[in-house]
Amino acid sequence: MLTVSDLRCEYAVNPLGIGVAAPRLSWKLMHPERDQRQTAYQVIAAHRADALVAGGDGLVWDSGKVLSSDSVAVVYGGPPLASRERVYWRVRCWDSQDRLGPWSETAWFEAALLRPDDWKADWIGYPAGWPGRALYFRRQFEIDRPVDRARLYVTGLGYHELFINGQRLGDAVLDPAYTDISARVMYRTFDIGAQLVTGPNVFAATVGNGWHGSPRLLAQIELYFTDGTSTCIYTEDWGGWFVTCGPVLEHSIYGGETYDARQERPGWNLPMERAPDHNPGGWTGAMRVPPPGGVLVPQMIEPIRITDKLRPRAIAQPRPGIYVVDLGQNIAGWVQLRVRGARGAQVALRFAELLYPDGTVNQENLRVISPTDTYILKGEGEEVWEPRFTYHGFRYVQVEGYPGELTTDAITGKVVRSAVEEAGRFTCSDDLLNRIQTMVWWTERNNQHGIPTDCPQRNERMGWLNDMVARAEEAFFNFQMPRFLAKWIGDIYDAQDPVSGGVPLTAPRAWMAGRVPTEPVSVSYLETSWLLYAHYGDRRTLEAYYDGYRKWLQRLSDQAQDHIVDTAWVADWAPPIDHIVPGTMLSGAPAAVMGTGFYYYGACLLARIAGILGQAEDQKRYQTLAAAIGDAFNRHFWDEQAGGYGTNNQSCNCFALWLGLVPADRQARVVDNLVRAVREHDDHLTTGNVCTKYLLETLADHGHADVALKIAAQKTYPSWGYMLENGATTLWERWELYTSHGMNSHDHPMMGSVSSWFYKVLAGIRVTPQTSGFDHFELRPHCVDGLDHVTAEHQTIRGKVESAWRREGGRLALRVAIPVNCVADVAIPVASPQARIWERGVLIWDAQQPQQTVAGVAFQRAEAAAIAFRVGSGIYEFSVEQ
Ligand code: BGC
């Protein structure tokens, strides 16, 4: 029987405040038998949990028995949600033999404010401003009747922290998520029923600059009383809302925060009656301020939270009175400080990724900023403080002015990031690769802050589209990305010029916006969208931005001549220094090769997306365009004499092969050339951020996974091992160890595609162009010489996929787990088709004699180096005798 678990709505568990009238539901399935699928489902929905009875009259929707295997992104079929509507739901499913399973647990979702006219609130602030200061808002109100339901809809720009009666709401920090606020502003919904009391209440908020300067607040409190009446309290001009400044004297995301505890206002966020120290003087009426311009949308992505705490690894004292704390790990976040001392004493915390030889912090690679948090003591016993409106990328904290001796209890490192769930785990017999995996994992985490940033430390922190081409699959394998990256695709759309179709290199639009032409490497717009579909069945993102994708491709067509696009300002960025074309940061792969290649890939992706959306004519059109671009690529860049493409370097040849543009009769020469180019560099890469991904994958796909492994497992320059040998705990932006001013971030995910290679090649977990929500995938592990075992787990939207292999004497043991409602094409590696394969003791492959069959495993074909089976759900243990 199928049992159902992990019910999600819009990819979240019981979301409060969703922004769609027909949300999408997903569930996971379990079954004790192998090879099981869902053949039908039934969803029931009601406004009360206790009305969820099949056939009951309290239902708002009963899907009935729907003959369908859909268990991912199933569209809610009840009446379109009204604003504020809460719906409870359950589901039950029929298995392959039409046996009915039990009802799931109950889940729920609740709509936010779906119509613009639901909002009564105005934006308020303090127009003249208190330069540099965060603003403190408060509004007192009376409750004289029992409250049945209470909601707060709220946002504060740039960042905000919220309180009801002195109690902090939620555990999010650095809210709301970064967007272009002239296009979209994200707000959140809170159930505040538990915090309210009969009598006087106070809603209070601290609002800082965040990404947007001049703090402002928008809030709407809706109270529904048990007697059927209701009231709404909302931000408005004057209207009982008060504002002041407080202890946050200065603050910026890049530069840090200065907090003067002497300026705290005791009781500022409590009702006056409960705060004898509250000083109503110093507060002034808050005034209406201009709205940011963008539409208000519920924030559906995971909020930024403190996800981990780190104790100092070591404390040094390089100079008298100057301590340097080493967290042992480069992180994004801040530290909490504990201190006792005299009123007015100042403690400065300077953050850095690097140290000078004398042991003090080196902030040179942070370019023009010197991130420093400063705490000024009030002198009242132990004081515990951490900032609210900044974050840093750092491993070291230099503490200056600390009264007394600094001990490890005084400093706690706090990891701060968008709290996306983890999705993967990879380990193998080579500890170096395990350490590389950990390094990539940390780097990815350190760069999730409402958008996928390039780095968390210097004055940048942008969502670069080119980096995402290298990074996306790494992120999908290691973390749950359905909400986070769908939001970012929206940021790209917001940044797209609606007329020309041009897309800037960063979303939200920031760095050098407008100065560089639309780049084909921005194909991450389409590729990441398609990955959302392949991994999570997210068709809505494809529908919502289809028009944007088409305009983007048209823009490239407008820039093309004879299908050649030679704008590639950043493609294959930051290769090893000797392979950089002077005056650029590019790898010597000509702009036209990279530009045209990505233009081709964009056309292929758009044809694929058109197919998914049932746009048959478009699909054909883009397929035809792709074929024409491919021909032009071969006409322009093939070098018959060299037997390679472009400049015949690693980047050009691996890219052409990866794109599938190399005709069969040329492939052997190109692959030979590629392998030779690796050997010539003593098994090192010469590629930049994007081609590093293509190099490793292409080598494996053309029979040279061993060469790729050599590159991945190098310890000498340039390599990931070289970073580790030099003390890295997160990826560098450059293959070189540079510590001075310039382009030298030490926490840059764009070089992390080696991690997706671990999952895709060593463990062999791959989506295919036909995959939708991981319904069908490949397992093609590579048991490369030099490794004894590999284990990878990936938590998909349908359940856990596992691929684990181990050499046992002369045998190879392969264990795979396929979630219910999935099918996998498993290619079991063999030295030759003469090998024999068993599954839990049953011989399933022997070229010499007929084989037995086992449930769930169907022979497909014998390949030169693998025997391929189609495998249904369940756990399988194969054993291969070579
Ligand atoms: C970013 C990189 C990006 C590059 C492109 C840099 O400043 O940090 O991640 O790839 O710019 O120009």
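Summarised in this report is the structure supplied together with it.

Brief notes about the overall build of the protein
Phase 1: Helix and strand content of the protein: 13 helices and 47 strands.
Phase 2: Projected onto its principal axes, the C-alpha positions of the protein cover 90 × 75 × 55 Å.
Phase 3: Sorting the 882 residues of the protein into buried and exposed places 62% on the buried side.
Phase 4: Across the protein, the fraction of contacts at a sequence separation of at least 24, relative to all contacts at a separation of at least 6, is 74%.

As for the packing of aromatic side chains
Phase 1: Going through the model one piece at a time under the given rule, you end up with 41 aromatic pairs.
Phase 2: When the ring of Tyr601 is compared with that of Trp658, the centres are 5.2 Å apart and the planes differ by 80 degrees; the resulting orientation is edge-to-face. Pair noted here: Tyr601 is in helix H6 (residues 591-612) and Trp658 is in helix H8 (residues 650-658), with a separation of 57 residues, a long-range link.
Phase 3: Looking at Tyr601, the relative accessible area reads 10%, which means it is buried.
Phase 4: Members of the aromatic cluster, connected to one another through ring pairs, are Phe426, Phe477, Trp757, Phe758 and Tyr759.
Phase 5: Sitting over the face of the ring of Tyr224, Arg149 holds its NZ or CZ atom 5.1 Å from the ring centroid.
Phase 6: Lying over the aromatic face of Trp530, Arg608 brings its terminal NZ or CZ to 4.4 Å of the ring centre.

Brief notes about the sheet that holds strand E45 (residues 857-862)
Phase 1: Strand order across the open sheet formed by 5 strands is E37-E38-E42-E46-E45, with mixed pairing between neighbours. Unpaired on one side and paired on the other, strand E37 (765-767) and E45 mark the two borders of the sheet. On average, each strand axis in the sheet is tilted by 25 degrees relative to the strand beside it, whichever way the strands run.
Phase 2: Sheet topology note: the E37/strand E38 (residues 776-779) ladder contains 3 bridges and is antiparallel. The residue bridging Val767 from the neighbouring strand is Phe777, located in E38.

Some points on the pairing of E45
Phase 1: Pairing between E45 and strand E46 (residues 866-871): 5 bridges, direction antiparallel. Considered in E46, the bridge of Ala858 is made with Arg870.
Phase 2: Hairpin connection from E45 to E46: 3 residues lie between these consecutive antiparallel strands.

A look at H6
Phase 1: With 22 residues, H6 extends 31 Å between its outermost C-alpha atoms, agreeing within 8% with the 32 Å of an ideal straight helix rising 1.5 Å per residue.
Phase 2: In terms of burial, H6 is a largely internal element, 18 of the 22 residues being buried.
Phase 3: Immediately downstream of H6, the backbone of Gly614 shows phi near 75 degrees, a positive value.

What about the pairing of strand E39 (residues 789-796)?
Phase 1: Across the 8 residues of E39, 6 count as buried, placing the element largely inside the fold.
Phase 2: With 5 bridges joining them, strand E34 (residues 424-428) and E39 adopt antiparallel strand pairing. Paired with Thr427 across the bridge in E39 is Thr791.
Phase 3: In this structure, the hairpin formed by E39 and strand E40 (residues 799-808) is closed by a connection of 2 residues.

Describing the pattern of salt bridges
Proximity of charged atoms lets side chains of opposite charge pair with each other.
Phase 1: All told, the structure shown has 67 salt bridges when counted by the stated rule.
Phase 2: For Glu110, the salt bridge is made with Arg151, and the minimal N-O distance between the two is 2.7 Å. Separated by 41 residues along the polypeptide, Glu110 in strand E8 (residues 107-111) and Arg151 in strand E11 (residues 147-157) bring together distant segments of the chain.
Phase 3: The exposure class of Arg151 is buried, given its relative accessible area of 4%.

Some thoughts on the site of the ligand
Phase 1: What surrounds the ligand is the set Asp454, Arg458, Glu460, Trp464, Asn466, Asp467, Trp569, Val570, Trp573, Glu733, His748 and Met750.
Phase 2: With respect to the ligand, the side chain of Asp454 contributes an N or O atom lying 2.6 Å from an oxygen atom.
Phase 3: Between the ligand and Asp467 there is a distance of 2.4 Å, counted from an oxygen atom to a side-chain nitrogen or oxygen.
Phase 4: Out of a free accessible area of 310 Å², the ligand has 96% covered by protein chains.
Phase 5: For the shell around the ligand, a count of residues per class yields 5 nonpolar, 2 polar and 5 charged.

Side note on the sheet that holds strand E44 (residues 842-846)
Phase 1: What the 7 strands build is an open sheet, ordered E34-E39-E40-E41-E47-E43-E44; its pairing is antiparallel. Each edge of the sheet is formed by a strand with only one pairing partner; in this case those strands are E34 and E44. On average, adjacent strands in this sheet sit at an angle of 15 degrees to one another, irrespective of strand direction.
Phase 2: Relative to strand E41 (residues 811-818), E40 runs antiparallel, the two being bridged by 7 bridges. Within the sheet, the bridge partner assigned to Ser803 lies in E41 and is Val816.
Phase 3: Here helix H13 (residues 753-762) sits on the sheet in contact with E34, E39 and E40, set at roughly 75 degrees to E34.

Here's the deal with the side chain of Asp491
Phase 1: Locating Asp491 in the fold gives a position in helix H3 (residues 484-495).
Phase 2: On the accessibility criterion, Asp491 (2% relative accessible area) is buried.
Phase 3: Engagement of the side chain of Asp491 in a polar contact is seen with the side chain of Arg184, the distance being 2.8 Å.
Phase 4: Setting aside residues no more than four positions away along its own chain, Asp491 makes contact with Tyr178, Thr179, Arg184, Ile451, Ala507 and Pro508.

Focus on helix H7 (residues 616-637)
Every α-helix winds through 3.6 residues per turn, so residues three or four apart in the chain are directed the same way.
Phase 1: Here H7 contains 22 residues, and its C-alpha end-to-end distance of 31 Å stays within 8% of the 32 Å for a straight helix at 1.5 Å per residue.
Phase 2: Along H7, the positions that sit buried rather than exposed are Asp618, Tyr622, Leu625, Ala626, Ile629, Gly630, Ala632, Phe633, Asn634 and Phe637.
Phase 3: The inward-facing, buried residues of H7 contact helix H5 (539-559), H6, strand E35 (638-639), strand E36 (644-645), H8 and helix H9 (664-679).

Describing the environment of Arg550
Phase 1: You can see Arg550 is positioned in helix H5.
Phase 2: C-alpha of Arg550 to C-alpha of Ile304: the two residues are 246 residues apart in sequence and 33 Å apart in space.
Phase 3: When sequence neighbours within four positions are dropped, the list of residues in contact with Arg550 reads Leu606, Asp618, Arg621 and Tyr622.

About the thresholds
Residues numbered from 1 in each chain as written. Predicted model: local features only at pLDDT ≥ 70, side-chain atom pairs only at ≥ 80, totals over all residues. Heavy atoms only, no water. Helix = DSSP H or I, 4+ residues; strand = E, 2+ residues; numbered from the N terminus. Buried < 20%, exposed > 50% of the residue type's maximum accessible area, 1.4 Å probe, protein only. Contact = heavy atoms within 4.5 Å. Phe/Tyr/Trp six-rings, centres within 6.5 Å; stacked < 30°, edge-to-face > 60°. Lys NZ or Arg CZ within 6 Å of the ring centre and 35° of its normal. Pairing = 2+ DSSP bridges. Axes fitted to C-alpha atoms, helices over the stretch in contact; angles between N-to-C directions. Expected span 1.5 Å × (residues − 1). Salt bridge = Lys/Arg side-chain N within 4 Å of Asp/Glu carboxyl O. Near = heavy atom within 4 Å. Polar contact = N/O pair within 3.5 Å; in protein donor to acceptor, adjacent residues only side chain to side chain. Areas by Shrake-Rupley, 256 points an atom, 1.4 Å probe, with all protein chains shown as cover. Nonpolar A, V, L, I, M, F, W, Y, C, P; charged D, E, K, R; others polar.

Interpretation in functional terms is not warranted from these geometric data alone.
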